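# Coordinate inspection notes
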Amino acid sequence: GENVEQHPSTLSVQEGDSAVIKCTYSDSASNYFPWYKQELGKGPQLIIDIRSNVGEKKDQRIAVTLNKTAKHFSLHITETQPEDSAVYFCAAHLSGNTPLVFGKGTRLSVIA
Amino acid sequence: DTAVSQTPKYLVTQMGNDKSIKCEQNLGHDTMYWYKQDSKKFLKIMFSYNNKELIINETVPNRFSPKSPDKAHLNLHINSLELGDSAVYFCASTPITSPDTQYFGPGTRLTVL
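The present account deals with the structure reproduced in this document. It should be emphasised that the depicted structure is a prediction, and the values quoted were computed from it without experimental measurement.

What counts, and where the lines are drawn
Residues numbered from 1 in each chain as written. Chains lettered and ligands numbered in written order. Predicted model: local features only at pLDDT ≥ 70, side-chain atom pairs only at ≥ 80, totals over all residues. Heavy atoms only, no water. Helix = DSSP H or I, 4+ residues; strand = E, 2+ residues; numbered from the N terminus. Contact = heavy atoms within 4.5 Å. Pairing = 2+ DSSP bridges. Axes fitted to C-alpha atoms, helices over the stretch in contact; angles between N-to-C directions. Disulfide = S-S within 2.5 Å. Buried < 20%, exposed > 50% of the residue type's maximum accessible area, 1.4 Å probe, protein only. Salt bridge = Lys/Arg side-chain N within 4 Å of Asp/Glu carboxyl O.

### Considerations on the environment of Pro8(B)
All names here are of chain B.
- Tracing the backbone shows Pro8 in the loop between strand 1 (4–7) and strand 2 (10–13).
- A sequence separation of 84 residues divides Pro8 from Ala92, and the C-alpha atoms of the two residues are 15 Å apart.
- Setting aside chain neighbours within four positions, we find Pro8 in contact with Ser20, Gly107 and Thr108.

### Remarks on the pairing of strand 6 (residues 56–59) of chain A
- Sheet topology places strand 6 of chain A next to strand 7 (residues 62–67) of chain A; four bridges connect them, and they run antiparallel. When the bridges of strand 7 of chain A are listed, Lys58(A) appears paired with Ala63(A).

### Comments concerning the sheet that holds strand 1 (residues 4–7) of chain A
Residues and elements named next belong to chain A.
- Read across the sheet, five strands follow the order 1-3-8-7-6 without closing on themselves; strand pairing throughout is antiparallel. Unpaired on one side and paired on the other, strand 1 and strand 6 mark the two borders of the sheet. Across the sheet, the mean angle separating the axes of adjacent strands is 15° when strand polarity is ignored.
- Relative to strand 8 (residues 72–77), strand 7 runs antiparallel, the two sharing six bridges. Its bridge partner being in strand 8, Thr65 is matched across the sheet by Ser74.

### With respect to the sheet that holds strand 8 (residues 73–78) of chain B
Residue and element names in this part refer to chain B.
- If you trace the four strands from one edge of the open sheet to the other, you get 1-3-8-7, paired in antiparallel fashion. With one partner strand each, in any of the chains shown, strand 1 and strand 7 (64–70) form the two edges of the open sheet. Averaged over all adjacent pairs, the angle separating strand axes in this sheet is 20°, with direction ignored.
- Note: strand 7 against strand 8, five bridges, orientation antiparallel. Paired with Phe64 across the two strands is Ile78, which belongs to strand 8.

### Quick notes on the state of the cysteines
- Overall, the coordinates contain two disulfides over all chains when judged by the stated rule.
- Put simply, Cys23(A) and Cys90(A) are joined by a disulfide, and their sulfur atoms are 1.9 Å apart. Here the disulfide of Cys23(A) and Cys90(A) is left-handed, its torsion about the S-S bond being about -100°. Note that Cys23(A) is positioned in strand 3 (residues 19–25) and Cys90(A) in strand 9 (residues 86–92), a separation of 67 residues in sequence.
- Here Cys90(A) falls in the buried class, since its relative accessible area comes to 0%.
- Put simply, Cys23(B) and Cys91(B) are joined by a disulfide, and their sulfur atoms are 1.9 Å apart. Between Cys23(B) and Cys91(B), the S-S torsion sits near -75°, and that sign places the bridge as left-handed. Of this pair, Cys23(B) sits in strand 3 (residues 19–25) while Cys91(B) sits in strand 9 (residues 87–94), and the two are 68 residues apart along the sequence.
- Overall, Cys23(B) belongs to the buried group, its relative accessible area being 1%.

### Concerning the pattern of salt bridges
- Summed over the entire model, instances satisfying the criterion amount to eight salt bridges over all chains.
- Two residues, Glu82(B) and Arg63(B), come together in a salt bridge whose shortest N-O distance is 3.4 Å. Here Glu82(B), found in the loop between strand 8 and strand 9, pairs with Arg63(B), found in the loop between strand 6 (53–57) and strand 7; they are 19 residues apart in sequence, far enough to count as distant.
- Classification of Arg63(B) by relative accessible area gives buried; the value is 14%.
- Linking Asp85(B) and Arg63(B) is a salt bridge whose minimum nitrogen-to-oxygen distance equals 2.8 Å. You can see Asp85(B) sitting in the loop between strand 8 and strand 9 and its partner Arg63(B) sitting in the loop between strand 6 and strand 7, a full 22 residues away along the chain. Each of the two residues, Asp85(B) as well as Arg63(B), counts as buried.
- Salt bridges sharing common partners tie together Lys37(A), Glu39(A) and Lys42(A).

Below you can see the structure in the form of structure tokens.
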């Protein structure tokens with residue numbers, strides 16, 4: 001089955017700096033890669049996603065890149081703000097009724 | 001508000017008891033899920049239902065039994081609770097138009113003493 005590795009497990013950055021979180025996946029047939037943000041005491045919320053026919057996607061300060069050959073994808077957050085502090089999860093998905101497989105999460109702390 | 005809601009938000013109980021967690025979504029979604037998040041924040045799927053029919057059942061002890069009375073509800077019943085069942089349980093749903101995009105509920109923190 002699919003396996004998703006996520007690094008780093010914790011990340012501290014100064015406000016205004018960029019943050020990068022990286023994930024690798026094992027099943028080359030996976031074709032959908034979402035990123036979720038989980039704030040304290042809340043459920044994960046989708047922040048951006050990318051499909052395998054696209055190499056990069058950007059939404060304001062966040063962007064995701066996908067390298068299908070290397071089977072890795074990354075989340076980039078620019079101009080970080082204290083409210084970006086949360087746990088971020090990557091995930092990978094095959095089509096159909098297969099489950100979404102999550103990475104183990106990255107706890108991002110943005111220091112003001 | 002349109003959302004995925006869960007009750008209760010916190011559940012503290014003794015080992016051996018039976019408890020239920022309820023989930024409702026008013027988003028008109030066809031597929032609903034239960035996830036377990038352990039103390040290390042690892043999210044793992046437990047079950048998935050599509051229009052009241054079970055479609056994913058990961059290796060979960062049979063003490064856990066999901067029940068879907070209609071496509072807007074997916075409840076989780078747990079028998080003979082064990083210490084290792086302590087976790088946060090999340091319900092989620094996906095629309096048929098975008099079956100990859102999951103909308104999560106706020107979670108239920110279960111503590112078994």
